[in-house]
Amino acid sequence: MSQLYDLRLLIESKIKADGLDAMKVKGQIGLRSGRVLALISPSTPDDPTAVSKLKQAVKEVLQIDA
Amino acid sequence: MKWNLIKTKVLAALAACLVVGVGGILVLMHYSFARNSQALAVESVTGAQKLFTILEAREISKMTAVSDTLAVNQEVRDAFAARDRSRLIELTAPLYTELKSEGITNWMFHTPEPDMAVFLRLHNVAKFGDHLKRPMDEAVVRTHAMVAGNQMAKAGFAVRILRPFYDSRGGLSGYVEFGEEIGHFIQEMKSQTGDDYALLLSKKFVDRQSWAESNALWKRRDNWNDSPNLVLADKTTATDNIIQFQQELATLPGEGKVLECFHDGDSVFVRGIFPIRDTAGNTVGAMFVVRDISSYYLAMRHTQNVLVLVTVVALTLGIFLVLTLLNRLVFRRLEHIIMVATRVVGGDYETEIRVDSDDEVGQFEKLFEQFRCVFVDLMAHVPELQEK
């Protein structure tokens, strides 16, 4: 599995655990990172820039270090 | 408060309008008060000068009428022609008591030129035989006609008439003079206008010794040393606090001048001054005019407070209305677009943007909804999502 997909799973589990509005949170992270989370699959190749942007978006929106 | 928001900027602009509006009213009211108080002061000075002239003319007319009556009194004419002082006092003293109650304080008989001494002073019978040598004495000797006007005596200032007095054969037996102290004037002026007045005399025209004797006689404080050049002869106020003038009287313009507007405790006053000239045209004194404009000032302050209150209320209401309209027409709709855009990216392809208006924001809503539909359609054709 790719690092990007791991991050997607992390986000989804956090949303589920905290009972957050999934569409809103995914949208905020997607807009901040420039990636549509629904399009990240286990086969999505890792791109260091994309991974960094997604981690930064997660930190800003969910207040966690991914 | 976020300064990058349009809402904050609009609020700041409206608050600035409020401050400028209130400040403008305060400045305008201050300017208006300054102008009106100046106009009131000018009106006080010119009005007082006119009133003084009217009263002066009235008193001269009264004294002229009395002297006309006296001039045809056979007994008085004979007693004066015979230089019978006792008989003259006997005949005139009862009338003097009546005249005094009417304000005529001075009554004198003078012998004819070249000696022209005071033969009888009804207001001070013990004193006679002195020579006054005033400009009006010289004028009446020169013209043998009545001379009237303001004339300084050694210790005071009065409106006087001086006219020739003839015996029963038509020969000049001397002169008769009537006078009225100006102090009586200023009390009457105050009763008519409500303003306060003070009569200032130039020390150059007042005899120091006579001034001291006069004050002792009338049991008044000797105020000679209160001022270097002027002496306060009479006033309508209880204190001297609001009567201050140290300039040279000769520099005063004929129409008088406004001095200043000032506060004394809770009261606001304007004051001015106009010159008083004697029969020779010398500026021997000045009338100080003080008008209490506190009621006008309070009315102005009341108007100012009402205007400020109305402005604050109106602008606050305006700010509320503008912000409410902006919120409803712009900010809330923009927030809805942001929310929809966020949710579309998050995978919510069902929430639509409802376009209710074709205004500027409505046109953007319409465009964005079209864009959202394209995005949703695009996502529907992505292979990864189709597999799911």
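As a starting point, this report considers the structure included with it. Predicted model only: the values in this text are computed from it and were never measured. (Residues numbered from 1 in each chain as written. Chains lettered and ligands numbered in written order. Predicted model: local features only at pLDDT ≥ 70, side-chain atom pairs only at ≥ 80, totals over all residues. Heavy atoms only, no water.)

### Some details on the overall build of chain B
Within chain B, the secondary structure is distributed over nine helices and ten strands. Counting every position in chain B, which comprises 388 residues, the buried fraction comes to 42%. Considering only contacts within chain B whose residues lie at least 6 apart along the sequence, 60% involve residues at least 24 apart. Accessible surface, chain B as shown: approximately 21,000 Å² in total, 59% of it carbon and sulfur. (Helix = DSSP H or I, 4+ residues; strand = E, 2+ residues; numbered from the N terminus. Buried < 20%, exposed > 50% of the residue type's maximum accessible area, 1.4 Å probe, protein only. Contact = heavy atoms within 4.5 Å. Areas by Shrake-Rupley, 256 points an atom, 1.4 Å probe, with all protein chains shown as cover.)

### A word on the overall build of chain A
Within chain A one finds three helices and zero strands. Each helix (α) and strand (β) of chain A, taken in turn from the N terminus, gives the series α-α-α. Looking at the 66 residues of chain A, the share that counts as buried comes to 38%. In chain A, once contacts between residues fewer than 6 apart in sequence are set aside, the share between residues at least 24 apart is 73%. When the accessible surface of chain A is split by element, carbon and sulfur atoms take 51% of a total near 3,700 Å².

### Concerning the pattern of salt bridges
Within the structure shown, the criterion is met by 28 salt bridges over all chains. In this structure, Arg32(A) and Glu60(A) form a salt bridge, with 2.9 Å as the shortest nitrogen-oxygen distance. Here Glu60(A) lies in helix H3 (residues 48-62) and Arg32(A) lies in helix H2 (residues 22-33), a separation of 28 residues in the sequence. Taking relative accessible area as the criterion, Arg32(A) reaches 47% and is therefore assigned partly exposed. The closest approach of N and O atoms between Arg134(B) and Asp137(B), which form a salt bridge, is 2.9 Å. Owing to a relative accessible area of 6%, Arg134(B) belongs among the buried residues under this scheme. (Salt bridge = Lys/Arg side-chain N within 4 Å of Asp/Glu carboxyl O.)

### A word on the nonpolar core
Considering soluble globular proteins, one finds that nonpolar side chains tend to be buried as a cluster. Formed by 45 residues in total, the largest nonpolar core has its most connected members in Trp107(B), Phe109(B), Phe178(B), Leu201(B) and Met287(B). Non-local contacts of Met287(B), meaning those with residues more than four positions away in its chain, are made with Phe52(B), Ile182(B), Ile186(B), Met189(B), Tyr197(B), Ala198(B), Leu199(B), Gly272(B), Ile273(B), Phe274(B) and Ile276(B). Core analysis: the second largest hydrophobic core is formed by 16 residues, Leu7(A), Leu37(A), Leu54(A) and Val61(A) among them. (Core = buried A, V, L, I, M, F, W, Y, C linked by side-chain atoms within 4.5 Å.)

### Let's talk about the pairing of strand S3 (residues 147-152) of chain B
Residue and element names in this part refer to chain B. With five of its six residues buried, S3 lies for the most part within the structure. Inspection of the sheet shows S3 paired to strand S4 (residues 157-166) by six bridges, in the antiparallel sense. Its bridge partner lying in S4, glycine 149 is registered against arginine 160. (Pairing = 2+ DSSP bridges.)

### Brief notes about the packing of helix H1 (residues 3-18) of chain A against H3(A)
Residue and element names in this part refer to chain A. It is the contact of H1 with H3, at a shortest axis distance of 10 Å, that shows an interaxial angle of 15°. Looking at the two axes, H1 sits roughly parallel to H3. Considering how the two elements wind past one another, H1 and H3 form a crossing that is left-handed. From H1, Gln3, Leu4, Leu7, Ile11 and Lys14 reach across to H3, where they touch Ala50, Val51, Leu54, Lys55, Val58 and Leu62. Looking at the contact of H1 with H3 residue by residue, the classes come out as eight nonpolar, one polar and two charged. (Axes fitted to C-alpha atoms, helices over the stretch in contact; angles between N-to-C directions. Parallel < 35°, antiparallel > 145°, perpendicular 65-115°, else oblique. Left-handed = near helix turned anticlockwise from the far one by under 90°. Nonpolar A, V, L, I, M, F, W, Y, C, P; charged D, E, K, R; others polar.)

### A short note on the sheet that holds strand S9 (residues 267-277) of chain B
Residue and element names in this part refer to chain B. The sheet built from five strands is open, its strands ordered S7-S6-S10-S9-S8 with antiparallel pairing. The open sheet is flanked by strand S7 (230-235) and strand S8 (257-264), the only strands paired with a single partner. Across the sheet, the mean angle separating the axes of adjacent strands is 25° when strand polarity is ignored. For S9 and strand S10 (residues 283-292), the ladder comprises nine bridges, and the chain directions are antiparallel. In the strand pairing of S10, glycine 272 is matched with valine 289. Against the sheet, helix H1 (residues 6-71) contacts strand S6 (196-202), S8, S9 and S10, and its axis sits at roughly 35° relative to S9. Sheet contacts for helix H5 (residues 182-193): S6, S7 and S10; angle to S6, the most-contacted strand, approximately 155°.

### Here's the deal with the sheet that holds S4(B)
Each strand in a sheet pairs with its neighbour through backbone hydrogen bonds, running either in the same direction (parallel) or in the opposite one (antiparallel). All names here are of chain B. Reading across the sheet, the five strands line up as S2-S1-S5-S4-S3 and stay open at both edges, with antiparallel pairing between neighbours. Two strands lie at the open edges of the sheet, namely strand S2 (118-121) and S3, each paired on one side alone. Geometrically, the sheet is characterised by an average inter-axis angle of 25° between neighbouring strands, direction not taken into account. Inspection of the sheet shows S4 paired to strand S5 (residues 172-181) by nine bridges, in the antiparallel sense. Bridge pairing in S5 links leucine 162 to glutamate 177. In the packing of helix H4 (residues 135-143) onto the sheet, the strands contacted are S3, S4 and S5, and the crossing angle to S4 comes to about 25°. Packed on one face of the sheet, H5 meets S3, S4 and S5 and runs near 40° to S5.

### Some remarks on unusual backbone geometry
All names here are of chain B. Omega for the bond connecting glutamate 113 with proline 114 falls within 30 degrees of zero, at 10°, which places this linkage in the cis form. Within the secondary structure, proline 114 is located in the loop between strand S1 (106-110) and S2. The phi torsion at arginine 83 lies on the positive side, around 55°, for a residue other than glycine. Phi at lysine 133 takes a positive value of approximately 50°, unusual for a residue other than glycine. Mapping lysine 133 onto the fold places it in the loop between S2 and H4. Relative accessible area serves as the criterion here: at 68%, lysine 133 is assigned to the exposed category.

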